[in-house]
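The primary structure of each chain is shown beneath.
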Amino acid sequence: MESTSTNVKSALLALADPQRAVLVARFFKTGPGQYGEGDQFMGLSMPQQHTIAKQYVRLPLHETELLVHDAFHECRMVGLLIWVNQNRKATAVQQELILERYLANRRYINNWDLVDVSCPHILGSHLIKGDRSILYNLASEEHLWSQRIAIVSTLALIRQGQFSDTFAVAEQLLSHKHDLIHKAIGWMLREVGKRNPDALEEFLHDHIQRMPRTALRYAIERFEPARRRYYLEL
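About the cut-offs
Counting restarts for each chain: residues are numbered from 1 in the order of the written sequence. Predicted model: local features are reported for residues with pLDDT of at least 70 only, side-chain atom pairs are reported and counted for 80 or more only, and whole-chain, interface and lining totals are derived from all residues. Side-chain numbers here rest on the full set of heavy atoms in the structure, without hydrogens or water. Each domain span listed reflects an automatic or database assignment of domains. Any pair of residues with heavy atoms lying within 4.5 Å of one another is described as a contacting pair. Buried area: the accessible surface (1.4 Å probe) lost by two parts on joining, summed over both. We define a salt bridge as a side-chain nitrogen of Lys or Arg found within 4 Å of a carboxyl oxygen belonging to Asp or Glu. Polar contact is defined as a pair of N or O atoms within 3.5 Å, subject to the rule that within protein one atom must be able to donate a hydrogen and the other to accept it, and that residues adjacent in sequence are counted only when both atoms are side-chain atoms. A run of H or I in DSSP counts as a helix once it spans at least four residues, and a run of E counts as a strand once it spans at least two, with each numbered from the N terminus. Think of it as three bins: nonpolar holds Ala, Val, Leu, Ile, Met, Phe, Trp, Tyr, Cys and Pro, charged holds Asp, Glu, Lys and Arg, and polar takes everything else, Gly as well.

**Some thoughts on the domain arrangement of the protein**
Consideration 1: Partitioning the protein into structural domains gives domain 1 (1–111) and domain 2 (118–233).
Consideration 2: For domain 1 versus domain 2, the distance between C-alpha centres works out to 26 Å.
Consideration 3: Taken together, the contacts link 16 residues of domain 1 with 16 residues of domain 2.
Consideration 4: Between domain 1 and domain 2 the total buried area reaches about 1,400 Å² when both faces are included, carbon and sulfur atoms providing 70% of it.
Consideration 5: In terms of surface lost to domain 2, no three residues of domain 1 exceed Y35, Y102 and R106, which account for 39% of the buried area on that side.
Consideration 6: Here domain 1 is connected to domain 2 by 1 salt bridge.
Consideration 7: Salt-bridge contacts for E141 lead to R106; the nearest nitrogen and oxygen are separated by 2.4 Å.
Consideration 8: Remark: the boundary between domain 1 and domain 2 carries 8 residue pairs in polar contact (both at pLDDT 80 or more).
Consideration 9: If you list the elements that add at least two residues to the side of domain 1 that touches domain 2, you get α5 (73–88) and α6 (92–104).
Consideration 10: Among the residues forming the side of domain 1 that touches domain 2, the class breakdown is 9 nonpolar, 3 polar and 4 charged.

Laid out in structure tokens, this is it:
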């Protein structure tokens, strides 16, 4: 019998930990006015969610989409993890179908962990060979999570030694008001710096006057103490 989203949700609920759920809800800022306002948690660990995603890796696309729509954070996470796992072994046509559904449902990809575990693999794999204009379209949207998808997806390009789109999207988002974007920019710049410190320092010298402090701190985290002080004092 073919698995359904209901089967997956039942498997998740069987592992629910209400006490842990309360702590996780606080961590992901679910209070009034916070970025995760109203989100619901079962209290599962990430290893538990990865295990269930692997168990249901053959879940049909439309059933996985129902998980991504679910009110529970863990259901959305497992749905996205299933798409990530499917994407790794999919044909080019199947990857495009997954990407299409991923982008169509990004309003449900509504917290930083959901973005970060999924976009470098699903959108990122497309960027390596496909049209990259989507990055700039996402970065231009007035939607926090679309903008985070835009910058974090460039991790796939960074891993290929390609930095220009990371720098361009980072520059586009430097004036953003939210620290979740500042952190993402700094993280991607740090990843560039691991591979090409000179490229990172050139970007810093060109843009340091505009860079949010959080982005700068993340970007220079691996620098020697004296070099960090130099940038923080500019």
